[in-house]
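One letter stands for each residue in the lines below.
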Amino acid sequence: MSPANSQTKTPLLDALRDRTNHPHAPFYAPGHKRGEGISDPLVDLFGATVFRSDLPELPELDNLFNPEGAIAEAQDLAAEAFGGQSTRFLVNGSTCGIIAAILATSGPGDKIILPRNIHSSAISGLILSGAIPIFVNPEYNPDWDIANSITPEVTASALEQHPDAKAVMMVYPTYHGVCGNLRAIAQITHQYNIPLLVDEAHGAHFNFHPKLPEPALSGGADLTVQSIHKTLGAMTQASMLHLKGDRIDIQKLNRALQLVQSTSPSYILLASLDAARQQIALHGEQLMTQTLQLAEKARSRISQIPGLSVLEPLNTPGFAALDRTRLTVKVSDLGITGFAADEILHSQLAVTAELPMPQHLTFIISLGNTETDIDNLVKALTILEGRRKKEEGSSATDSVTDVTDVRKKSQRRSPREEVPEKKSQRRSPMSDGRFAPSPTLPLSPSPPLLSPREAFFLPAETVPADKAVDRLCAELICPYPPGIPVLMPGEIITPEALDYLQQVLTAGGKITGCSDRGLQTLKVVRQ
């Protein structure tokens, strides 16, 4: 490892800066040639410097798949900062890290234990690897309509039934900031001398403040994947994979990463990882202290607004800790869905949440947020609650009209007046914005009848949704965000799953992965 004071260095960022400022005649890709061929509108938006920095694998910039220079040094510094023995930079997001982790540990026919509420990227990893999923259901909190973590008990039971499993994977933290007992799960997993793989996409900041949950590597994870762009200062898609211990075949992991990473990685993204590491390594505790203070102010003020509830740590299975920078606010007691509340906040009140769900909204508070952001959030939620008060004295018809009036005004705007949509996948008009109790997320406890890979490659046919019940799904269908599949290839389609998906659509959510966006038809494995 490098000396502690080396965390001031940014070897990859420095190398890219040097090449950016080095005059020469470029006869290599990309075709815009250091920005000379970029269209004027792009230059007007981003400026010229960023395009001069859009460079390929020049000798001075090292090579992502065979790092010996600036990338190798930057990755070593990242391993030191985040508590790993080695680190790999990812430019295809945490998705490629999750897929590579599965490819490196599980081959065709091998078993891997993982929670049924895993991200869709893990299902992609199962399809590519041919591994057989042994699903365990996480604990479910019906009051909040939130899935917690898997527990040590269900992990131990799964391993007792499948002692030949090659790995265990868990999500830590969940999208809502819920953390399971990772340390206990790691100890149980290691009794079988297999690795614990962790989807820590939302926990890259944990290592930098004592009041945050324990980092996955400190708790015993063998491999963890972090989206540095989600909670720290890197650019979108920029992630890291960290390793600790000797249970992972590093050469096999490197080969897997070559399969799922671009052969033309963006050095702008790579440099952003180097810079974000330096920032958090040098100033992490100060930045996280400020972030936690903002989060506590938001929690305190929002909890005083009538009709709103803020998720706090719960003494329930699968809920060992909570990332307090992740703010989940229940809005269902206002009489509207999280989707409807999200639409109003985003389109009319200039506040955009990370994750709308049927009963609640989740907001990410990070080192980039300000006091003004918190003030605007509290003000917007206060206005939202104020509409409920107006409804109390109105008829049911007036109530619905009041809730949807904002949306109608928005629809009367010209296209140029519309607020840009940050989460385009999820924005759609709601029927009336009213809340109806949502069903429990119907995650099947039964293993798929076919492996995801088998079902993916078998011939498929399209059938009406009502004829798809009891057939084998041929698609990977999930509301997004959060990207948790409700149906996957090889799984039996149940009435409960279809009902849940239809209710998400009705409430204003978006469904990805299905050929028919309206879910009138589904693709099933041909009989």
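Please read these numbers as outputs of a predicted model, since none were measured by experiment.

Asks: I would appreciate a short explanation of the pattern of salt bridges in the present structure.
Replies: Opposite charge on two side chains makes pairing possible when the charged atoms of those side chains draw close. Evaluated as defined, the whole model comprises 13 salt bridges. Its salt-bridge partner being Arg247, residue Asp222 comes within 3.0 Å of it at the nearest N-O pair. Here Asp222, found in the loop between helix 9 (216-219) and strand 9 (223-226), pairs with Arg247, found in the loop between strand 10 (239-243) and helix 11 (250-260); they are 25 residues apart in sequence, far enough to count as distant. The exposure class assigned to Asp222 is buried, which follows from its relative accessible area of 2%. For Glu371, the salt bridge goes to Lys297, with nearest N and O atoms at 2.6 Å. Residue Glu371 is found in helix 14 (residues 371-392), and its partner Lys297 is found in helix 12 (residues 267-302); the two are separated by 74 residues along the sequence.

Asks: Looking at this structure, how should I read the nonpolar core?
Replies: The tendency in soluble globular proteins is for nonpolar side chains to be buried side by side. In this structure, Phe82, Phe89 and Ile228 are the most contacted members of the largest nonpolar core, which totals 55 residues. For this core, the secondary-structure elements that each account for two or more residues are helix 1 (11-20), helix 4 (70-82), strand 3 (132-136), helix 7 (152-161), strand 6 (167-171), helix 8 (182-190), strand 8 (196-199) and helix 12. Counting residues per element, this core draws most heavily on helix 12, which supplies ten residues. When sequence neighbours within four positions are dropped, the list of residues in contact with Phe89 reads Leu12, Leu64, Ala74, Gln75, Ala78, Ser239, Met240, Gln261, Leu270, Leu273 and Asp274.

Asks: Please clarify how the packing of helix 5 (residues 93-105) against helix 6 (residues 120-129) should be interpreted in this entry.
Replies: Each packed pair of helices is defined by two parameters, the angle between the axes and the distance between the axes. Relative to each other, helix 5 and helix 6 sit at 40°, their axes nearing to 8 Å. Between helix 5 and helix 6, the interaxial angle falls into the category oblique. Considering the relative orientation of helix 5 and helix 6, their crossing is right-handed. When helix 5 is examined against helix 6, the residues Thr95, Ile98, Ile99, Ile102 and Leu103 are found in contact with a partner set consisting of Ser121, Ala122, Ser124, Gly125, Leu126, Leu128 and Ser129.

Asks: How should the sheet that holds strand 14 (residues 355-356) be read in this particular structure?
Replies: Each strand in a sheet pairs with its neighbour through backbone hydrogen bonds, running either in the same direction (parallel) or in the opposite one (antiparallel). If you walk across this open sheet you meet the four strands as 11-13-15-14, and the pairing is antiparallel. If you trace the sheet from one side to the other, it starts and ends with strand 11 (309-310) and strand 14, each paired once. Bridge count for strand 13 (residues 326-330) against strand 15 (residues 360-364) is five bridges, and the pairing is antiparallel. Each bridged residue has a counterpart across the sheet, and for Lys330 the counterpart in strand 15 is His360. Where helix 12 meets the sheet, its contacts fall on strand 11 and strand 13, and the angle it forms with strand 13 comes to roughly 10°. Strands in contact with helix 13 (residues 338-348) are strand 14 and strand 15; relative to strand 15, the strand with the most contacts, it is inclined by about 50°.

Asks: Looking at this model, I keep getting lost on helix 8. Mind explaining?
Replies: Helical geometry note: an α-helix holds 3.6 residues per turn, so side chains three or four residues apart project in the same direction. Considered for burial, the residues of helix 8 that qualify are Leu182, Ala184, Ile185, Ala186, Ile188 and Thr189. The inward-facing, buried residues of helix 8 contact helix 7, strand 6, strand 8 and helix 9.

Asks: Explain helix 6 here, please?
Replies: Taken across its ten residues, helix 6 has eight buried, putting it largely inside the fold. When we look at burial in helix 6, the residues that qualify are Ser120, Ser121, Ala122, Ile123, Gly125, Leu126, Ile127 and Ser129. On its buried side, helix 6 packs onto helix 5, strand 2 (111-115), strand 3, strand 6, helix 16 (452-457) and strand 17 (478-479).

Asks: Can you walk me through the side chain of Thr362 in this structure?
Replies: Structurally, Thr362 is set in strand 15. When sequence neighbours within four positions are dropped, the list of residues in contact with Thr362 reads Tyr175, His176, Arg326, Leu327, Thr328, Ala353, Glu354 and Leu355.

Reading the values: rules and limits
- Within every chain, residues take consecutive numbers counted from 1 along the sequence as written.
- Under the rules for a predicted model, residues below a pLDDT of 70 receive no local features and side-chain atom pairs below 80 are neither given nor counted, while totals for whole chains, interfaces and linings still include all residues.
- Heavy atoms throughout the structure, all of them, feed into the side-chain values; hydrogens and water do not.
- Each reported salt bridge corresponds to a side-chain nitrogen of Lys or Arg within 4 Å of a carboxyl oxygen of Asp or Glu.
- The way it works is that DSSP assigns letters per residue, a run of H or I at least four long becomes a helix, a run of E at least two long becomes a strand, and they are numbered from the N terminus.
- Each residue is assigned to one of three classes by its accessible area relative to the maximum for its type, calculated with a 1.4 Å probe on protein chains only: buried under 20%, partly exposed between the two thresholds, exposed over 50%.
- Among the buried residues, those of types Ala, Val, Leu, Ile, Met, Phe, Trp, Tyr and Cys that are joined through side-chain atoms within 4.5 Å form a nonpolar core.
- In this description, contact between two residues means that some pair of their heavy atoms is separated by no more than 4.5 Å.
- Lines fitted to C-alpha atoms define the axes, with helix axes restricted to the stretch in contact, and inter-axis angles between N-to-C directions lie between 0 and 180 degrees.
- Should an angle lie under 35 degrees it is considered roughly parallel, over 145 roughly antiparallel, and from 65 to 115 roughly perpendicular; all remaining angles are considered oblique.
- By the definition used in this description, the sense in which the near helix is turned from the far one sets the handedness, with an anticlockwise turn below a right angle giving left-handed and a clockwise turn giving right-handed.
- Being paired, for any two strands, means DSSP has found at least two bridges between them.

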